[in-house]
Amino acid sequence: MGLHPLFTLGPRLQLCASMVRKNVKLADVGTDHAYLPIWLAKKAIISNAVAADIRQGPLEKAKDNIQRYHVQDTVTARLSDGLNKISPNEADDIVIAGMGGEMINKIIENAKWLKDSNKRLILQPMTSVPELRKYLAENGFALLKEQAVIDENHAYTVILSYYNPKLIKTDELYEYIGMLNPKKQADREYVSRVLVSLSKKARGMEISGKNREAQKLYNIIDNIKSKV
Ligand SMILES: C[S@@+](CC[C@H](N)C(=O)[O-])C[C@H]1O[C@@H](n2cnc3c(N)ncnc32)[C@H](O)[C@@H]1O
């Protein structure tokens, strides 16, 4: 069988891939098609990967793709709810992408071995991003980096985090913009969407008579705007 052409990752998964360290063992939780570990294996960036998914359907897709791109020596598909079926010595860097923030929190909560400063978490939440940042800070996970990306007109943020309680720095804006830098174009675009959603929330509070909470949120909005 001839060699298959190497596919490229879209901007969102490409940003996740850029945060994976060289020569590490990877766990991709909620892998679906397994494109991320396959791409990293093809590029010889990782030494090993477990491509994990909770559902059989996506896992079969992952297995087919692993065969198709001939990376079965490096990437193994595994049925697992979160990291439940992955042991600490199988993963240095853990990617959890394309899931809700609350689900990501649950997956981290159920894998106490992530509280190890040698591990890296690369997290790309689709929803509940403030809840995820709050959970990380409250549980000793510091942010090392955060960057936004625009992919097919959607804005996503990717968080690189690791266990280091001493390094945690939070302020009033932490939950809302984390380490994003609104001076950068994609981060600014992401933050402007955050501002739209916060403004709607504040307006809703006002309408339901929660004026003090609304004012607090308006102050946060003004504070964020001053950084853009
Ligand atoms: C939207 S896909 C994301 C695929 C890929 N990570 C990406 O970002 O393009 C989400 C995948 O997560 C899987 N999933 C949801 N909850 C999970 C859990 N608790 N553990 C493992 N996989 C899970 C789903 O079955 C689905 O295949």
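Because the structure is predicted, anything quoted here is derived from the model rather than measured.

Section: the overall build of the protein chain
Looking only at helices and strands, the protein chain features eight helices and seven strands. Here the C-alpha coordinates of the protein chain stretch approximately 65 × 35 × 30 Å along the principal axes. Counting only residues that meet the buried cut, the protein chain has 47% of its 228 residues in that class. Of the contacts made within the protein chain by residues no fewer than 6 positions apart, 68% connect residues no fewer than 24 positions apart. One way to put it: in the protein chain the 34 positive side-chain charges average out to a point 3 Å from where the 26 negative ones average out.

Regarding unusual backbone geometry
At alanine 44, a position not held by glycine, the phi torsion is positive, near 60°. With respect to the helices, strands and loops of the structure, alanine 44 is situated in the loop between helix H2 (35-42) and strand S2 (46-53). Backbone geometry places glutamate 152, a non-glycine residue, at a positive phi of 45°. With respect to the element layout, glutamate 152 can be found in the loop between strand S6 (141-151) and strand S7 (154-163). When its relative accessible area of 72% is taken as the criterion, glutamate 152 is described as exposed.

Regarding the site of the ligand
Of all residues adjacent to the ligand, which total 19 residues, the nearest are Arg12, Gly30, Asp53, Arg55 and Gly82. Take arginine 55: an N or O atom from its side chain is 3.0 Å from an oxygen atom of the ligand. Here a nitrogen atom of the ligand and a backbone polar atom of glycine 82 are 2.7 Å apart. Compared with its free state, where it exposes 610 Å², the ligand has 84% of that area covered by protein. For the shell around the ligand, the secondary-structure elements that each account for two or more residues are helix H1 (11-18), strand S4 (93-99) and helix H4 (101-109). By residue number, the principal contributor to the shell around the ligand is S4, which donates three residues.

Notes on helix H7 (residues 185-207)
End to end, H7 covers 33 Å across 23 residues, agreeing with the expected 33 Å (1.5 Å per residue, within 8%). Packing partners of the buried residues in H7 comprise helix H5 (129-138), S6, S7, helix H6 (174-177) and helix H8 (211-225). Glycine 209 sits one or two residues past H7 and shows a positive phi near 80°.

Focus: the sheet that holds strand S3 (residues 75-79)
The seven strands are arranged S3-S2-S1-S4-S5-S7-S6 in an open sheet whose pairing can be described as mixed. A single partner strand is all that each edge strand has here, and the edge strands are S3 and S6. The mean inter-strand angle of the sheet, taken between neighbouring strand axes irrespective of direction, is 20°. Note that S2 and S3 share five bridges and pair parallel. Along S3, the bridge assignment pairs aspartate 53 with leucine 79.

Points about the environment of phenylalanine 7
Looking at the secondary structure, you find phenylalanine 7 in the segment before H1. Residues phenylalanine 7 and tryptophan 113, spaced 106 residues apart in sequence, show a C-alpha to C-alpha distance of 33 Å. Among all residues touching phenylalanine 7, those that are not within four sequence positions of it are Tyr35, Ile38, Trp39 and Tyr69.

A word on the domain arrangement of the protein chain
On domain assignment, one finds that the protein chain holds domain 1 (11-168) and domain 2 (181-228). Here the C-alpha centroids of domain 1 and domain 2 sit 29 Å apart. The interface is formed by twelve residues belonging to domain 1 together with five residues belonging to domain 2. Three residues, Ala148, Ile150 and Ala155, lead the burial of domain 1 against domain 2; their summed loss comes to 59% of the area buried on that side. On the surface where domain 1 and domain 2 come into contact, there are zero salt bridges. Per-element accounting of the side of domain 1 that touches domain 2 gives the leading share, five residues, to S6.

A look at the environment of alanine 77
Structurally, the position occupied by alanine 77 is in strand S3. Taking relative accessible area as the criterion, alanine 77 reaches 18% and is therefore assigned buried. Excluding anything up to four places from it in sequence, alanine 77 contacts Ala51, Leu59, Ala62, Lys63 and Ile66.

Thresholds, definitions, all that
Residues numbered from 1 in each chain as written. Predicted model: local features only at pLDDT ≥ 70, side-chain atom pairs only at ≥ 80, totals over all residues. Heavy atoms only, no water. Helix = DSSP H or I, 4+ residues; strand = E, 2+ residues; numbered from the N terminus. Buried < 20%, exposed > 50% of the residue type's maximum accessible area, 1.4 Å probe, protein only. Contact = heavy atoms within 4.5 Å. Lys, Arg positive; Asp, Glu negative; His and termini not counted. Charge placed at Lys NZ, Arg CZ, Asp CG, Glu CD. Near = heavy atom within 4 Å. Polar contact = N/O pair within 3.5 Å; in protein donor to acceptor, adjacent residues only side chain to side chain. Areas by Shrake-Rupley, 256 points an atom, 1.4 Å probe, with all protein chains shown as cover. Expected span 1.5 Å × (residues − 1). Pairing = 2+ DSSP bridges. Axes fitted to C-alpha atoms, helices over the stretch in contact; angles between N-to-C directions. Domains from an automatic or database assignment. Buried area = accessible area lost by both parts, 1.4 Å probe. Salt bridge = Lys/Arg side-chain N within 4 Å of Asp/Glu carboxyl O.

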